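Here are the chains, one letter per residue:
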Amino acid sequence: MSLLGGIRPPIAVLSVLLLCIAALTAFQLGRAGNDPVPEAVRTSQQYFAEDGAIALRASLDESITDLGRTTAMFNAGEPVSADTVLDKLGSVYQKWSGTAVIEIKSGRLEAQRGENLPLTAVDRTKLGDKDGLAPRMVRLENGGTRLLTFGVLSWPDRPQLLLIASSSLKFPGVSLGADRAIAVVDASGQVLSSDGLPDAGRGAYATARANAERADKDLAGFAETAAGKARQHPLKSKAPGSGGFPGVSGSLLGDSHRTERPVAGYAALTGPVPGEGTESTALGLTVVSLVDVTENRAAALDSFFWIAAAGALLLIGALAVALLIGTVQRPLLQLFLESRRLSRGDLTRPVTQPKYGEASRIGAVLERLRRQLLGEPAQSDRHEAGDRRGRRGRIGMRALVAVCGILLLVWAAPLVLLLNRAGAAVLVPKSIVQDQRERTDTLADRIRRALNEGHADLTSVASVLDQRTTPAAMTEALEQTRSQHARYTSIYVLTADGTVTAKSGSEPRHPRGKGPSTQPVALLGEGGNEPIVVEYAAVPGLKGAAVVGELRIGYLNALLKRPGLGQIRVVDEKHRVIGANNGYLAFDKLPAGRIDALVTKVNSTQAGKDGAKNGSENGGGKKADGEDADSTRPSATVIRSGGVTIAAAAPFDGGGAAAPLKWTVVSWQPAKGLAIPAYEAQNRTVLAGLLGLTAATACLGWLHIIVVRPLRELAQRAEALAGGDRRTVIYPRHHDEVGAVTRSLEVIRQQLHEQRKREAGAGVSGSTTPAGRT
């Protein structure tokens, strides 16, 4: 018999698979997903830490690049005093905590702005070494940490000066919400800076002090663990093919405290391109976020369901296997034995005939063939055989196999289609909705800061241009800025009458003959295929002229590509799409319904707060970058019509060049894609049903191909043989039970053929003998 053929292997494999599925259902699927902290919550904290790492890395790299480019511009111009350098630097950028200029040779302090810098930590004798001007972290006397960035001011016939800028390791524009903390950790696991931790003062209650101490302890433990994990290779830290964040990231669980458990996400600073670091990534920093999550100790689904499902599968599977054994396997094995007996010449007793299907038809044929071998004519039992075939052949083996499939479908179909459905009333964890809101607000601030940084770059270029600057020098300054910042498609100098005097990059798309806009940021290209975001920085030395930069729309869209937020759109005040994290139509409208209404609600709240703020502060604007002024909160909601969807919207809220823009970042994602207990239970239920369907389809299909279909063909050939067809050779298809019956029928056909030849020879000899005598 063939190892993979025959009647036994499909039925045996089906039995084993059903037992495995039942065990998997009872002992594995029923126990998975019952973690008191859902996987979606832990993944969300990981995404939050990744957002913080990206924001911090971008901010540090931007500061380092800006200082280097500003130093190069001063070196290319006429010598100026140290005070002038710091004044111009402070008028363009407000990102540094302190700046200073010292003479490298003598170490004399030439000028200083902002906080006092730890100048003694700078070894002037090693500035000329390799990486001597690389940024470095220093510890202040009060325990704080500062990042020092350097640039060398060098003019002919003047002593070289060292420009130093210090910045704190604070997160720019990361929205924390009410109950989250975030920290920067060095390679040794020491916390360098933190935000959002509860502060228990002297007058605080004992509970508040205990919570603050517990938060500090949890953060210290997570920081040490995260720093250790950050030292591993990024490709080894995640599952293969996970993609997303190019660096090391993950989530951590702390010890339970009453009904809450701290959950942390961590992410190491890494470059935007996998495998390529930046100056800030060389610092070995890791971002750790911490939030307390309320545990849900109630299982997502009672384990009784899974035990009952496994028991039902065992009962139905046993019935299906018993049906296959009793109506398919045993009759076929019986045919095999009877056919072999007849082929060996044992014709003494009648053939034991099965009751149903093709086996019954073949059994009747074997009985007819036995009679024919005993000498009866082939036509004598044709009418009787037809009656027997009509009675027994109505229910074929194909129908019996189909009945077994229906039995297994009765178990699998409800699991796939009906049971454990997570309807519109599914409970979405509060922390996930909050994370959707805070991360959307962080993205809105990130886009706004990107526009502000771009305008600051243009302002820096405009500050060194005047009437004495030649077009060639202007072009060189523009080329230098565009080469250092990939955000621009083109940068050019535009006069008051709309004439372009110098440019770098692609052809300007500003309306011809039109002077610079009075707004620092404008949106052009309406009605076209691509929005055009243009920034204007007035040139003080050229009346009416401005340095204009056209932002690459792909640069803004790239800032929105963050996992775990679903669909992300940047819309203007008319709710027209300006940018997105995936394919979109320029100036298209938002989907009508709750999402569009959410944006309207957020913008109306923003307008009301802005109006109240303007009235109370006599024209005061929004907060500037780095300030902690009270601002409007973004909004998030759970939409339960047409499926459960988590949506959030955050308007631009802050100062700078992007302050006049009434843009909003909106994000939404279906909750069914998250690892929420209700959806995990639904997915596991569907998985169990699909496993059952797959096992039934594979094994019954195997049985149909190997046994049922060849048996049906054999029944037709056997009936033709019993009806008198002695010439058609019967070939076996497979070396199994059906093949064995086929070979036996071929032997019987040959015996009948020989019998017919003998009878014909005997008849001829009997008729010729009397004629010879006459």
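So, how was this worked out
- Residues numbered from 1 in each chain as written.
- Predicted model: local features only at pLDDT ≥ 70, side-chain atom pairs only at ≥ 80, totals over all residues.
- Heavy atoms only, no water.
- Helix = DSSP H or I, 4+ residues; strand = E, 2+ residues; numbered from the N terminus.
- Buried < 20%, exposed > 50% of the residue type's maximum accessible area, 1.4 Å probe, protein only.
- Contact = heavy atoms within 4.5 Å.
- Areas by Shrake-Rupley, 256 points an atom, 1.4 Å probe, with all protein chains shown as cover.
- Pairing = 2+ DSSP bridges.
- Axes fitted to C-alpha atoms, helices over the stretch in contact; angles between N-to-C directions.
- Phe/Tyr/Trp six-rings, centres within 6.5 Å; stacked < 30°, edge-to-face > 60°.
- Lys NZ or Arg CZ within 6 Å of the ring centre and 35° of its normal.
- Expected span 1.5 Å × (residues − 1).

**Let's talk about the overall build of the protein chain**
Thinking step 1. Across its full length, the protein chain holds 15 helices and 20 strands.
Thinking step 2. Residue burial in the protein chain is summarised as follows: out of 774 residues, 48% are buried.
Thinking step 3. Taking all contacts inside the protein chain whose residues are at least 6 apart in sequence as the whole, residues at least 24 apart take part in 66%.
Thinking step 4. Surface summary for the protein chain: the accessible area is close to 36,400 Å², and the carbon and sulfur share equals 54%.

**A short note on the sheet that holds strand β15 (residues 546-551)**
Thinking step 1. Reading across the sheet, the five strands line up as β12-β11-β15-β14-β13 and stay open at both edges, with antiparallel pairing between neighbours. Across the chains shown, the open sheet's two edge strands, defined by having one partner strand only, are β12 (500-505) and β13 (521-524). Here the average twist between neighbouring strands, direction ignored, is 20°.
Thinking step 2. Judged from the six bridges that link them, strand β11 (residues 488-494) and β15 form a sheet pairing that is antiparallel. Considered in β15, the bridge of Val-493 is made with Val-547.
Thinking step 3. Lying over the sheet, helix α10 (residues 430-462) contacts β11, β14 (532-538) and β15, oriented at roughly 40° with respect to β14.

**Overview of the packing of aromatic side chains**
Thinking step 1. Scanning all chains against the criterion turns up three aromatic pairs.
Thinking step 2. Directly above the ring of Trp-96 sits Lys-95, whose terminal nitrogen or CZ lies 5.7 Å from the centroid.

**Here we look at α10**
Thinking step 1. An ideal rise of 1.5 Å per residue puts 48 Å on 33 residues; α10 measures up with 48 Å between its terminal C-alpha atoms.
Thinking step 2. Among the 33 residues that make up α10, 27 are buried, leaving the element largely enclosed by the rest of the structure.

**Some thoughts on the environment of Arg-344**
Thinking step 1. Considering the arrangement of structural elements, one finds Arg-344 in the loop between α6 (303-343) and α7 (357-373).
Thinking step 2. For the pair Arg-344 and Ser-744, spaced 400 residues apart in the sequence, the C-alpha separation amounts to 8.6 Å.

**What to know about the pairing of strand β10 (residues 286-294)**
Looking along a regular strand, one sees the side chains alternate between the two faces of the sheet.
Thinking step 1. Within β10, seven of the nine residues are buried, which leaves the element mostly enclosed by the surrounding structure.
Thinking step 2. Pairing of strand β6 (residues 180-185) with β10 involves six bridges; the strand directions are antiparallel. Paired with Arg-180 across the bridge in β10 is Val-291.
Thinking step 3. Relative to β10, strand β9 (residues 260-268) runs antiparallel, the two sharing nine bridges. From the neighbouring strand, Ala-268 faces β10, where its bridge partner is Thr-286.

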